[in-house]
Amino acid sequence: MSLRYALLGLLADRPASGYDLLQRFKGSLANVWPATQSQIYTELAKLADADFIAVSDEGPRGRKEYTLTDAGRADLRDWLTDTKPKRVVRNEMLLRVFFLGVIPQEQAREYLSDIEAGSAKGVAALAELEATTDWDDNDLSNYGRMAMVWGQRFYAMNQQWAQWALDQLPPGGNSEDVSS
């Protein structure tokens, strides 16, 4: 459901083609709400059928540029103000951490190291995004930057936590399977 609102929100900023929206997802929303090309085009068709967006321009090879309609803007506003976000309380990564004692310590160390490395990549990717983005004074840029900083802090926290968790493991490690 949120892909719908991500697309409506991006179109509230300015008209765009499906390809343009895919690029904007990659450059701004991928860490918040990833989407594939097929998901975007499928959702655009649904939004057009519901009259939430309209084709505002057609170009070569069937390229369509979409614009947000008044009904789409109203739906986006209703979602923003009247629908409470679902709080995700499941965290598979931490569930696995809870049971790392079932596997050999070296595998546990590898799992935690992977969390640390993945988080470091996330920190670096968002730093690059911040450095390469032309930040304007428009709403999408201002609020997008807020979301980006949340992502930076999230990845940094996970990286720091994983480093701490690795330090909690005794040096060396057993090589026997603790589940047998």
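**Notes on the sheet that holds strand 2 (residues 53-58)**
Ordered by their spatial adjacency, three strands build an open sheet running 1-3-2, and the pairing between neighbours is antiparallel. Single-partner strands in this sheet number two, and they are strand 1 (16-17) and strand 2. Alignment of strand 1 against strand 3 (residues 64-68), held across two bridges, turns out to be antiparallel. Considered in strand 3, the bridge of S17 is made with E65.

**Considering the packing of helix 1 (residues 2-13) against helix 2 (residues 18-29)**
Two numbers describe how helix 1 lies on helix 2: the axes approach to 11 Å, and their chain directions differ by 100 degrees. The angle between helix 1 and helix 2 places the two elements in the roughly perpendicular class. From helix 1, L3, A6, L7, L10, L11 and D13 reach across to helix 2, where they touch L21, R24, F25 and L29. Residue composition of the contact of helix 1 with helix 2, grouped by class: eight nonpolar, no polar and two charged.

**So, a nonpolar patch on the surface**
Taken together, the side chains of L95, F98, F99, V102 and I103 make up a nonpolar region of the molecular surface, amounting to roughly 520 Å² of accessible area. Along the polypeptide, F99 turns up in the loop between helix 5 (92-98) and helix 6 (105-132).

**Quick notes on helix 3 (residues 37-49)**
For an α-helix the count is 3.6 residues per turn, leaving residues at separations of three or four pointing the same way. For helix 3, built from 13 residues, the straight-helix expectation of 18 Å at 1.5 Å per residue is met to within 8% by its first-to-last C-alpha distance of 19 Å. If you follow the buried residues of helix 3, they end up packed against helix 1, helix 2, strand 2 and strand 3. Positive backbone phi, approximately 60 degrees, marks D51, located one or two places after helix 3.

**Quick look at the pattern of salt bridges**
The full count for this structure, using the stated rule, is seven salt bridges. Of the charged contacts in the structure, one is a salt bridge between R109 and E106, with a shortest N-O distance of 3.5 Å. Of this pair, R109 and E106 are both found in helix 6, three residues apart, which corresponds to roughly one turn of the helix. Looking at E106, the relative accessible area reads 40%, which means it is partly exposed. Each of D13, R14 and R24 takes part in salt bridges that share partners, so that together they form one network.

**Describing the confidence of the model for the protein**
For the protein, per-residue confidence averages 88 on the pLDDT scale, and residues scoring 70 or more make up 94% of the total. Counted against residues more than four places away or in other chains, residues 175-180, with its pLDDT under 50, gives eight contacts.

**A short note on unusual backbone geometry**
For D51, which is not glycine, the phi dihedral falls at a positive 60 degrees. Positionally, D51 belongs in the loop between helix 3 and strand 2. Relative accessible area serves as the criterion here: at 52%, D51 is assigned to the exposed category. Even without a glycine there, the phi angle at R61 is positive, about 55 degrees. By the secondary structure assignment, R61 is in the loop between strand 2 and strand 3.

About the criteria used
Residues numbered from 1 in each chain as written. Predicted model: local features only at pLDDT ≥ 70, side-chain atom pairs only at ≥ 80, totals over all residues. Heavy atoms only, no water. Pairing = 2+ DSSP bridges. Helix = DSSP H or I, 4+ residues; strand = E, 2+ residues; numbered from the N terminus. Axes fitted to C-alpha atoms, helices over the stretch in contact; angles between N-to-C directions. Parallel < 35°, antiparallel > 145°, perpendicular 65-115°, else oblique. Contact = heavy atoms within 4.5 Å. Nonpolar A, V, L, I, M, F, W, Y, C, P; charged D, E, K, R; others polar. Patch = residues over 30% accessible without salt bridge, like charges linked within 9 Å, V, L, I, M, F, W, Y side chains within 5 Å. Areas by Shrake-Rupley, 256 points an atom, 1.4 Å probe, with all protein chains shown as cover. Salt bridge = Lys/Arg side-chain N within 4 Å of Asp/Glu carboxyl O. Expected span 1.5 Å × (residues − 1). Buried < 20%, exposed > 50% of the residue type's maximum accessible area, 1.4 Å probe, protein only. pLDDT = per-residue confidence, 0-100.

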